[in-house]
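Now for the letters of each chain:
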Amino acid sequence: MSGARPPLVMPPTPSETSFSRRRFIRLVGGGIIVLFNADLSDLMGQETRTRGYPTDFNAYLRIAADGRVTVYTGKIEMGQGIVTSLAQMAADELGVALASIDMVMGDTALCPFDNGTYGSMSTRFFGPALRAAAAEARAVLVVLASEKLKVPKEGLRVEDGAVFAAADPKARITFGQLANGQKIVKTLDGKAVPKSVAEFRVMGKPTKRLDARAKVTGKAQFAGDVRLPGMLYAKVLRPPAHGATLKTVDTSAAARVPGAVVVNEGGLVAVLAPDPETAEKAFAAVKSDWDVPKPEFDDRTVFDHLLQSGGAGQESERKGDLAEGEKSAVSLFEGKYLNGYGAHAAMETHTALAQLENGTMTVWNSTQTPFPNQAAIAQAIGFAKENVRVITPFVGGGFGGKSGGGQQAIEAAKLAKAAGKPVQVCWTRAEEFFFDAFRPAAVVKIRSGLDAQGRICLWDYGVWAAGSRGAEQFYDVPNNLMRTYGRWGGDNPKMHLFATGPWRAPGANLNVFARESHLDVMAARAKIDPLEFRLKNTSDKRMRSVLEAAAARYGWKKAAGPSGRGVGIACGIDAGTYVALVAEVKVDAASGRVRVVRIACAQDMGIVINPDGATMQMEGCIMMGLGYALTEEVRFSGGRIHTRNFDTYEIPKFSMMPALDTVLVKNDELSPQGGGEPALVPVGAAIANAVFDATGARLTEMPMTPERVKTALAAVRRPGTPP
């Protein structure tokens, strides 16, 4: 797939953009089309039923007269590799070469509705529907071939884009020949049976990414690469702090800069120019005065604020009786674990280019949610949704940060409407840090107990602002309670001064950090090896399997902590995938720097569609995990964001990357599970446990900066400090 959207289907006119079945069939032209629904209704809410789309499909594939197969989906490609793995599924089930597949993704004029690409759901939920649709298409082709070849369908075989008679392979006909002149539209009826794992020819094989060449050669297009004749570049006036209100603005000097155009409408103040440099020069002449509210809290006092503003909380798990658990305990433990705000820090900042032409607003947008963005843009500019088209080129990283309301796209559309010319809005890095919906700061408090046999008999878990993802109990605890106080989203505005939202495996990183750190505290007090302690306390077969696989790959040697070796282990569940991770660290006591030297990670994600892609996702997760564990934290006071660039927000560098061993635990009995986030969740806990094993110092706050490490080391040296 190239970065530029291939003209596989001519764009519709505005009157044709409603996906009524009749218009849809006329739009896509001839060939064999299979409509299918990934049954994401629970995730989509009422949207599909209110937008005028047919309710029986949200994606489709088409076999054209040239034999090529096109998959149309509202999903987008942001580096996670589904452009390859989805194509593998379609190719295998159809019986065509992978090179025969084209993917058209995230174009609201060409693709049926999809709520967005997030939550490691594309392979888990969309994949099975795609496979079933391809199997259905294969069945249709076999019936057509049976008529053409005069051979009963039971005597036909499918291979490499052709159907042939098993008894006489020379009697064959290609998919293109079968599709030529046809206009067959079928809705998935579930009668066709997808292939078993033993029948896979394309799935399950390590496959290089289909978008790799375009990306490494610079041919891939992102939203910021799109150029249109006469387009203008925007600089938008921003507040100095969240919550600030504009008192006065003077744009007269900016308006006198040759080539510059000033827009001041409805609270949106911007300078437009034919090139970014002129826009920057004119924008510098804008004078503004703001009212800024006094800071209520900052990055150090936010945790007390969260505890105070979290409300009564909601029970999300309850089992047994906590009082009985306490009676059974011979040792009780209490812990508090913290994590500050985090930025997504994607390579590509939020960017959009908008063009108003013939009554239709077209927006090339870096987004994980093109269809929700389409609705938001339409509402903002007063257009019908059918008259707004969002095209999503490749997205340069999202991690949940581009699943919001599409502010940059709304700004570009408003400015294009006002200026009568195409307008690009490309956030600077400072704007990205200001408007990014942060991973919320959060707190976890745990009270637990061990019985005389070294088994966990009490678990009282409370989490503020992170939600329960990743905190679900898989240890065999008879008396268990989990309460959540506010979630990771913006549903409790009293908790946060700025936007918060999903950050790769939302909330799970802190929850796993807290649970697995606390497990280590209990194991150390009981003087039991951390791996043995976990195995002793869980009967979950998949969890035991990944723990043993990670330990075996690392070469785990039994020892109670702290052993001085600098080795830690942690495990978790995310998106249906089980993962365990062993980290080895070196700690520089003088500087407080933690260097991760090796990580072994084992993951059970069910059937693996593309082992290459799955491994890359694991490696990417681990590298990103180094950031949230060791360095990344947003600094602020009140609504002022002090973190404005990568000089003060340190993301992992290649020099930080440890030696990696990854293991994909075979489990072909289980359908494919999520792969985009799981390996991220145990990184922080495994590193914290490794630091404890090396030094005896327990880190309970992420990121584990040098200052916090030195503070923890100093505490260990003080007499009477517990591990």
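Small disclaimer: the values here were computed from a predicted structure and weren't measured. (Residues numbered from 1 in each chain as written. Predicted model: local features only at pLDDT ≥ 70, side-chain atom pairs only at ≥ 80, totals over all residues. Heavy atoms only, no water.)

Even after reading the chapter, I still don't get the overall build of the protein chain, so can you show me in this structure?
For the protein chain, the count of helices and strands is 20 helices and 29 strands. Over its C-alpha trace the protein chain gives a radius of gyration of 28 Å, about what one expects of a compact globule, namely 27 Å for 723 residues. Structurally, the protein chain occupies a C-alpha span of about 85 × 80 × 45 Å along its principal axes. Residues classed as buried in the protein chain amount to 58% of the 723 residues present. Pairs at least 24 apart in sequence give 76% of the contacts found in the protein chain among residues at least 6 apart. Per element, the accessible surface of the protein chain, about 28,500 Å² overall, is 52% carbon and sulfur. Side chains of the protein chain carry 85 positive and 74 negative charges; the gap between the two charge centres is 2 Å. (Helix = DSSP H or I, 4+ residues; strand = E, 2+ residues; numbered from the N terminus. Rg over C-alpha atoms; globule rule 2.2 N^0.38 Å. Buried < 20%, exposed > 50% of the residue type's maximum accessible area, 1.4 Å probe, protein only. Contact = heavy atoms within 4.5 Å. Areas by Shrake-Rupley, 256 points an atom, 1.4 Å probe, with all protein chains shown as cover. Lys, Arg positive; Asp, Glu negative; His and termini not counted. Charge placed at Lys NZ, Arg CZ, Asp CG, Glu CD.)

Even after reading the chapter, I still don't get the packing of helix H15 (residues 508-525) against helix H19 (residues 683-695), so can you show me in this structure?
Look at H15 against H19: their axes get within 8 Å of each other, and the N-to-C directions meet at 30°. Viewed along their axes, H15 and H19 adopt a mutual orientation that is roughly parallel. Pair H15 / H19 crosses with right-handed handedness. The residues of H19 that touch H15, namely those facing Val 512, Phe 513, Glu 516, Ser 517, Asp 520 and Ala 524, are Gly 684, Ala 685, Ala 688, Asn 689 and Phe 692. Residue composition of the contact of H15 with H19, by class: six nonpolar, three polar and two charged. (Axes fitted to C-alpha atoms, helices over the stretch in contact; angles between N-to-C directions. Parallel < 35°, antiparallel > 145°, perpendicular 65-115°, else oblique. Left-handed = near helix turned anticlockwise from the far one by under 90°. Nonpolar A, V, L, I, M, F, W, Y, C, P; charged D, E, K, R; others polar.)

Could you clarify how one ought to interpret the sheet that holds strand E7 (residues 168-174) in this entry?
Within a sheet, adjacent strands bond to each other through the backbone by hydrogen bonds, running parallel or antiparallel. Spatial strand order, E5-E6-E7: three strands in an open sheet with antiparallel pairing. Of all strands in the sheet, those with a lone pairing partner are strand E5 (156-159) and E7, marking the two edges. Strand-to-strand twist of the sheet, defined as the mean angle between neighbouring strand axes without regard to direction, takes the value 30°. (Pairing = 2+ DSSP bridges.)

What am I meant to see in the layout of surface pockets here?
Rolled over the atoms, a probe as big as a water molecule pinpoints where empty space is left. Reported here for the second largest pocket is a volume of approximately 740 Å³. Forming the walls of the second largest pocket are 30 residues, and the residues nearest its centre are Leu 94, Arg 138, Val 142, Val 158 and Lys 195. Of all the secondary structure elements, the ones that give two or more residues to the lining of the second largest pocket are helix H4 (82-94), helix H5 (122-149) and E5. Residue composition of the lining of the second largest pocket, by class: 16 nonpolar, one polar and 13 charged. (1 Å grid on protein atoms, 1.4 Å probe; cavity = no way out; pocket = protein on both sides within 12 Å on 5 of 7 lines; lining within 4 Å. Points joined across faces, edges and corners; volume = space filled by probe spheres on them.)

What is the right way to look at the pattern of salt bridges in this model?
Oppositely charged side chains can form a pair if their charged atoms are brought close together. By the definition in use, this model includes 37 salt bridges. A salt bridge links Lys 327 to Glu 324, with the nearest nitrogen and oxygen atoms 3.5 Å apart. Highlighted residues: Lys 327 and Glu 324, both in helix H11 (residues 322-328), separated by three residues, approximately one helical turn. Looking at Lys 327, the relative accessible area reads 65%, which means it is exposed. The partner of Arg 447 in a salt bridge is Glu 326, with the nearest N and O atoms 2.8 Å apart. Residue Arg 447 is found in strand E20 (residues 442-450), and its partner Glu 326 is found in helix H11; the two are separated by 121 residues along the sequence. Via salt bridges that share partners, Asp 299, Arg 300, Glu 633, Arg 635, Glu 701 and Arg 708 belong to a single interconnected network. (Salt bridge = Lys/Arg side-chain N within 4 Å of Asp/Glu carboxyl O.)

Any chance you could explain helix H18 (residues 611-630) here in plain terms?
The periodicity of an α-helix, 3.6 residues per turn, causes residues three or four positions apart to be oriented the same way. End to end, H18 covers 29 Å across 20 residues, agreeing with the expected 28 Å (1.5 Å per residue, within 8%). Across the 20 residues of H18, 15 count as buried, placing the element largely inside the fold. (Expected span 1.5 Å × (residues − 1).)

I would appreciate a short explanation of the sheet that holds strand E9 (residues 232-236) in the present structure.
Taken in spatial order, the seven strands of this open sheet run E11-E12-E9-E19-E16-E17-E18, and their pairing is mixed. At either end of the open sheet lies a strand with only one pairing partner, and these are strand E11 (261-265) and strand E18 (388-391). In this sheet, adjacent strand axes meet at a mean angle of 25° when their direction is disregarded. Of the strand pairs in this sheet, strand E16 (residues 351-357) and strand E19 (residues 423-426) are connected by four bridges, and their pairing is antiparallel. Pairing of Leu 353 across the sheet is with Gln 424, part of E19. Its contacts with the sheet put helix H9 (residues 276-283) on E9 and strand E12 (268-273), and the angle it makes with E9 is roughly 30°. Of the strands in this sheet, strand E17 (360-365) and E18 touch helix H12 (residues 370-381), which is tilted by about 140° from E18.

Explain the nonpolar core to me, please; I cannot follow it from the model alone.
Soluble globular proteins tend to bury their nonpolar side chains together. With 131 residues, the main nonpolar core has Tyr 341, Ile 377, Leu 415, Ile 456, Tyr 461, Ile 687 and Met 704 as its most contacted residues. The element that contributes the greatest number of residues to this core is H15, accounting for nine residues. Formed by 44 residues, the second largest nonpolar core is a distinct cluster that contains Val 83, Leu 156, Phe 175 and Ala 179. (Core = buried A, V, L, I, M, F, W, Y, C linked by side-chain atoms within 4.5 Å.)

Help me understand the pairing of E12 in this model?
Within a regular strand, the side chains alternate between the two sheet faces. Across the six residues that make up E12, a large majority, six, are buried. With burial as the criterion, each face of E12 is covered, one bearing Leu 268, Ala 270 and Leu 272 and the other bearing Val 269, Val 271 and Ala 273. Sheet topology note: the E9/E12 ladder contains four bridges and is antiparallel. From the neighbouring strand, Val 236 faces E12, where its bridge partner is Ala 270. Relative to E12, E11 runs antiparallel, the two sharing five bridges. Of the residues in E12, the one forming a bridge with Val 263 is Ala 270. Between E11 and E12, which pair antiparallel in sequence order, lie two residues; one of them, Gly 266, sits at a positive phi of approximately 55°.

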